[in-house]
Amino acid sequence: MTMTPLLTYLWSFEVFLFSTSQELPQFVESIPNATVPVGREAVLVCSVENLGNYKVAWIKLDTQTLLTIDTKVIIRDSRIRSTNNFRQWYLHIRNVQEDDRGYYMCQINTEPMISVRGFLDVLLPPTIQDNGTSSDVILNERSEVSLHCTATGYPKPKIFWRREDGKDINLGSFGAQSYSAAKVKGNFLNLTHLTRTHMGAYLCIASNGIPPSVSKRIMLEINFPPQIRVPNQVIGAIPGTEVTLECKVQAWPRPLTSWVRNEDKLLLANTKYQLTEELYGYYNLNMKLKISHLQKEDFNSYKCGAKNSFGEKEGFIRLHGNIERMGSLGGSNKLSKEKDNRKPTHQQNPVFNHSNRGYGMFMDGKLVCVLALWVINHWTSKV
């Protein structure tokens, strides 16, 4: 509220009433400047000696608004009050706003009037302005972009950029040298020769020492056609078991994917086939095909495919069965079972066993001796 003629008259009348021969009041010191963040309470202090019957008033200088006389609040503002403690007179301003910044006067109604003044500085935390700050951007590879950010606050905020995922910002190559940085200072972030590695969320962060710091998230998307890498192009498996085929895809926008067997059979998820996709990062996709209860027809060629609006790509895997291994294992088991179940034969007799051939020769010599003795005995009996 500004000083009306009536208030000026009343204030001058009080000056007349209390202009006596008493020792005049004086200020001990000037009002200390105050610095307060917006929304807090500001307190200005006026120190006076020998006040006597004189009155102290607070005035906002830039608007010539009379705020208080003694402890009485003149202005209609519930945020303002005046208190005193012996020689100190205090002006309290709650919930300080930017408009409260400026010079304040502590005045005593002597003749002539005496006064001191002090400055109230109101600090503003940073605010990022939508008008003048980039929004989300979608570009193709090998393009370039300049992201910009505007912020207000008091003192003037400083701006820097960093990636949301914590990775270094790829600043491109100059000659044979590649450059990157954890953060970049300034209102502008210039990126040239964009690749998929630039893709991600970038944070424009504004700070001026007055909490809180603020940030805006700007998403940079880089379009490119699918690329597929097959870790294992030839896989062997045993019939009756299960196997997992895998393809690693890079693409943006996120592609449509498929699995095909033998060039013509599109595979869908069921109890036989389990199709999964694992997305990591922004543009990396891991395709997996799990085949259960492998049968003869499963040992075939498979194709993983990825397609988006910028192109399509295929990867190939050959699945073969370990038939020879199964045959050798199956054959040995069969032979062992037959060996256990069949009846002993002449060849199984130890006498005719190849490993006991010496024992067989000993048996033949004994028979010869027996026959020789029989011949001698028979001849002797006749004589």
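Now for a quick tour of the structure. (Residues numbered from 1 in each chain as written. Predicted model: local features only at pLDDT ≥ 70, side-chain atom pairs only at ≥ 80, totals over all residues. Heavy atoms only, no water.)

A few words now on the overall build of the protein chain. Tallying secondary structure elements over the protein chain gives 3 helices and 28 strands in all. The buried share of the protein chain, reckoned over its 383 residues, is 34%. Partitioning the contacts of the protein chain with sequence separation of at least 6, the portion at a separation of at least 24 is 62%. For the protein chain, the exposed surface amounts to about 23700 Å²; the carbon and sulfur share of it is 54%. (Helix = DSSP H or I, 4+ residues; strand = E, 2+ residues; numbered from the N terminus. Buried < 20%, exposed > 50% of the residue type's maximum accessible area, 1.4 Å probe, protein only. Contact = heavy atoms within 4.5 Å. Areas by Shrake-Rupley, 256 points an atom, 1.4 Å probe, with all protein chains shown as cover.)

The next subject is the state of the cysteines. Using the criterion set out here, one finds 3 disulfides in the structure. A sulfur-sulfur separation of 2.0 Å characterises the disulfide bridge that pairs C247 with C304. In this structure the cystine formed by C247 and C304 twists about its S-S bond by roughly -90°; its chirality is therefore left-handed. Note that C247 is positioned in strand 22 (residues 243–252) and C304 in strand 27 (residues 301–308), a separation of 57 residues in sequence. When its relative accessible area of 0% is taken as the criterion, C247 is described as buried. (Disulfide = S-S within 2.5 Å.)

Below, the discussion takes up the pattern of salt bridges. The final tally for this structure, using the stated rule, is 19 salt bridges. Between E49 and R87 there is a salt bridge whose closest N-O contact spans 2.6 Å. Taken together, the positions of E49 in strand 3 (residues 42–49) and R87 in the loop between strand 7 (80–85) and strand 8 (88–93) put the pair 38 residues apart, joining distant regions of the chain. Classification of E49 as partly exposed rests on a relative accessible area of 27%. (Salt bridge = Lys/Arg side-chain N within 4 Å of Asp/Glu carboxyl O.)

Right, let's get into the sheet that holds strand 24 (residues 265–266). Strand order in the open sheet formed by 5 strands is 21-28-27-23-24, with mixed pairing between adjacent strands. Bordering the open sheet on either side are strand 21 (234–237) and strand 24, each of which pairs with just one other strand. Relative to strand 28 (residues 311–321), strand 27 is paired through 8 bridges, and the arrangement is antiparallel. Of the residues in strand 28, the one forming a bridge with C304 is G315. (Pairing = 2+ DSSP bridges.)

As a further point, take the packing of aromatic side chains. Given two aromatic rings, their pairing is described by the distance between the two centres and the angle made by the two planes. Counting across every chain of the model gives 2 aromatic pairs. Between Y103 and F119, the aromatic rings sit 4.8 Å apart at their centres with planes inclined by 65°, giving edge-to-face as the arrangement. Taken together, the residues span a long stretch of sequence, with Y103 in strand 9 (residues 102–108) and F119 in strand 10 (residues 114–128) at a distance of 16 residues. The class for F119 is partly exposed, based on a relative accessible area of 23%. Where F224 meets Y283, the ring centres are 5.6 Å apart and the plane angle is 80°; that geometry is what we call edge-to-face. Taken together, the positions of F224 in strand 20 (residues 214–229) and Y283 in the loop between strand 25 (273–280) and strand 26 (284–291) put the pair 59 residues apart, joining distant regions of the chain. By relative accessible area, Y283 is classed as buried at 13%. (Phe/Tyr/Trp six-rings, centres within 6.5 Å; stacked < 30°, edge-to-face > 60°.)

Once that is clear, we can look at the nonpolar core. Grouped burial of nonpolar side chains is what soluble globular proteins tend to show. In this structure, C46, V48, W58, L91, I93, C106 and L120 are the most contacted members of the largest nonpolar core, which totals 25 residues. Counting residues per element, the ones that place at least two in this core are strand 2 (34–37), strand 3, strand 4 (56–60), strand 8, strand 9 and strand 10. Looking at which element gives the most residues to this core, the answer is strand 3, with 4 residues. Residues in contact with L91, not counting those within four places in the same chain, are A42, V43, L44, W58, L67, T68, I80, R81 and Y104. (Core = buried A, V, L, I, M, F, W, Y, C linked by side-chain atoms within 4.5 Å.)

Sheet faces and side chains relate simply in a regular strand, where the side chains alternate between the two faces. Across the 8 residues of strand 19 (residues 200–207), 7 count as buried, placing the element largely inside the fold. Note that strand 14 (residues 158–163) and strand 19 share 6 bridges and pair antiparallel. What sits directly across from I159, in strand 19, is A206. In this structure, strand 19 lies alongside strand 20, joined through 7 bridges in antiparallel fashion. Paired with C204 across the two strands is K216, which belongs to strand 20. Between the antiparallel neighbours strand 19 and strand 20 lie 6 residues, among them G209 with a positive phi of about 85°.

The subject of this paragraph is the sheet that holds strand 8. As summarised here, the arrangement of the 4 strands in space is 1-3-8-7, forming an open sheet in which the pairing is antiparallel. Of all the strands in the sheet, just strand 1 (26–27) and strand 7 have a single pairing partner and so form its edges. With 6 bridges connecting them, strand 3 and strand 8 associate as antiparallel partners. Across the sheet, residue A42 finds its bridge partner in strand 8, namely I93.

Take the side chain of R261 next. Looking at the secondary structure, you find R261 in strand 23 (residues 256–261). Classification of R261 by relative accessible area gives buried; the value is 14%. Polar side-chain contacts of R261 include one of 3.1 Å to the side chain of Y273. Residues contacting R261, with those up to four places away along its chain left out, are L267, Y273, E297, D298, N300, S301 and Y302. (Polar contact = N/O pair within 3.5 Å; in protein donor to acceptor, adjacent residues only side chain to side chain.)

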